[in-house]
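Residues per chain, in single letters:
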Amino acid sequence: QNNAKVAVLGASGGIGQPLSLLLKNSPLVSKLSLYDIAHTPGVAADLSHIETRASVKGFMGPEQLPECLKGCNVVVIPAGVPRKPGMTRDDLFNTNASIVATLTSACAKHCPEAMICIISNPVNSTIPITSEVFKKHGVYNPKRIFGVTTLDIVRANTFVAELKVDPARVSVPVIGGHAGKTIIPLISQCTPKVDFPQDQLVKLTGRIQEAGTEVVQAKAGAGSATLSMAYAGARFVFSLLDAMNGKEGVIECAFVRSDETESTYFSTPLLLGKNGIEKNMGIGKITPFEEKMVAEAMSELKASIKKGEDFAKNFK
């Protein structure tokens, strides 16, 4: 069953290259289609020498995009500009919104059935853009469009583990959105169960929310989180492929169309299946501290979603 064709759009970039390497290394992938506006033939040639079964093809420039997407089961989109120190994810909006709208428009035309996994920030706006683009083409299926927030979960697991136990055993659901205070780690639902005094909990939560900025500052203008994002993106794609291959009980959080809160898009744990989202697992039982975070995230989430939808309506 492991015969998935996966496309990476933005494959030559800081996230795209290590993400493509991880996908090439996986037995779940049989064909890897790499697309970018520059350098893709080189990246593809380089990766094609790796002794795993996925065949690799590079595509460059808009005229080769349709061919890249044909027959794809999963499309991952890390394309766009990275953050620099002092920038918020929202500052990337104008550039990345156009890139995402253009690329997802091609997906809607050439692989309307594929699972679409968006990494390009601001995810809180690029997912609504993707939905509107698919609606315009009459092929919208909310069960197949995902904003990849997995890095928030990976970071939460890592930071909790640093304070408590072995990271391989830690699992913290992170709900909400994918920027600042919309990132809501549910430490009360962590497995194994962990307890923190309130001051430590507040500090830990803040670190998870601002972890991206930690990397942007440490890289001092040379980019944002690329390697950890590639790892998280690959983890999400592998979960999705496992579920599409019939594996049961696969759960990942992602930013999707949702009725769980008053926000029309919201990240919660999702049971994945052959057709994408099998079941939204919802928020579950949370503490008053977490409830307050959900309430406080709403206005920012709604504004980001509206911004994305408005952009898509005017996009030609």
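What counts, and where the lines are drawn
All residue numbers here refer to positions counted from 1 along the written sequence of the relevant chain. Local features in this predicted model are restricted to residues whose pLDDT is 70 or higher, and side-chain atom pairs enter the listing and the counts only when it is 80 or higher, whereas totals over whole chains, interfaces and linings include all residues. In computing side-chain properties, one takes all heavy atoms of the structure into account and sets aside hydrogens as well as water. Salt bridges, as used here, are contacts in which a Lys or Arg side-chain nitrogen is within 4 Å of a carboxyl oxygen on Asp or Glu. Exposure is judged per residue with a 1.4 Å probe applied to protein chains only, and the accessible area is read against the type maximum: over 50% gives exposed, under 20% gives buried, and values in between give partly exposed. Numbering goes from the N terminus for both helices and strands, where a helix is a DSSP run of H or I of at least four residues and a strand is a run of E of at least two. Lining residues are defined by having an atom within 4 Å of a point belonging to a cavity or pocket. Those points lie on a 1 Å grid over the protein atoms alone, cavities being sets where a 1.4 Å probe fits but cannot get out and pockets being open sets with protein on both sides within 12 Å along at least five of seven lines. Grid points are joined across faces, edges and corners, and a volume is the space filled by probe spheres set on the points. In this classification, the charged set is Asp, Glu, Lys and Arg, the nonpolar set is Ala, Val, Leu, Ile, Met, Phe, Trp, Tyr, Cys and Pro, and all remaining amino acids, among them Gly, are polar. Where each domain starts and ends follows an automatic or database-derived domain assignment.

Draft legend 1. Structural context of the pattern of salt bridges. Using the criterion set out here, one finds 12 salt bridges in the structure. Between Arg-207 and Glu-214 there is a salt bridge, and its shortest N-O distance comes to 3.0 Å. For Glu-214, a relative accessible area of 36% gives the class partly exposed. Notably, a salt bridge pairs Lys-302 with Glu-262, separated by 2.6 Å at the nearest N-O pair. Here Lys-302 is found in helix α10 (residues 288-314), whereas its partner Glu-262 is found in the loop between β9 (251-257) and β10 (265-273), with 40 residues between them in sequence. In this structure Lys-302 comes out as partly exposed when scored by relative accessible area, which is 36%. Three or more residues are tied together by salt bridges with common partners; here these are Glu-162, Arg-207 and Glu-214.

Draft legend 2. Spatial organisation of the layout of surface pockets. Here the largest pocket is characterised by a volume of approximately 700 Å³. As for the largest pocket, its lining consists of 39 residues, of which Pro-78, Ala-79, Gly-80, Val-81 and Pro-82 are closest to the centre. At the level of secondary structure, the elements contributing two or more residues to the lining of the largest pocket comprise β2 (29-36), α4 (93-110), α6 (150-163) and α8 (211-218). The dominant element in the lining of the largest pocket, judged by the number of residues it contributes, is α4, at five residues. Here the lining of the largest pocket is composed, by residue class, of 20 nonpolar, 14 polar and five charged. Residues lining the lining of the largest pocket come from more than one domain, with at least three contributed by each of domain 1 (4-148) and domain 2 (149-304).

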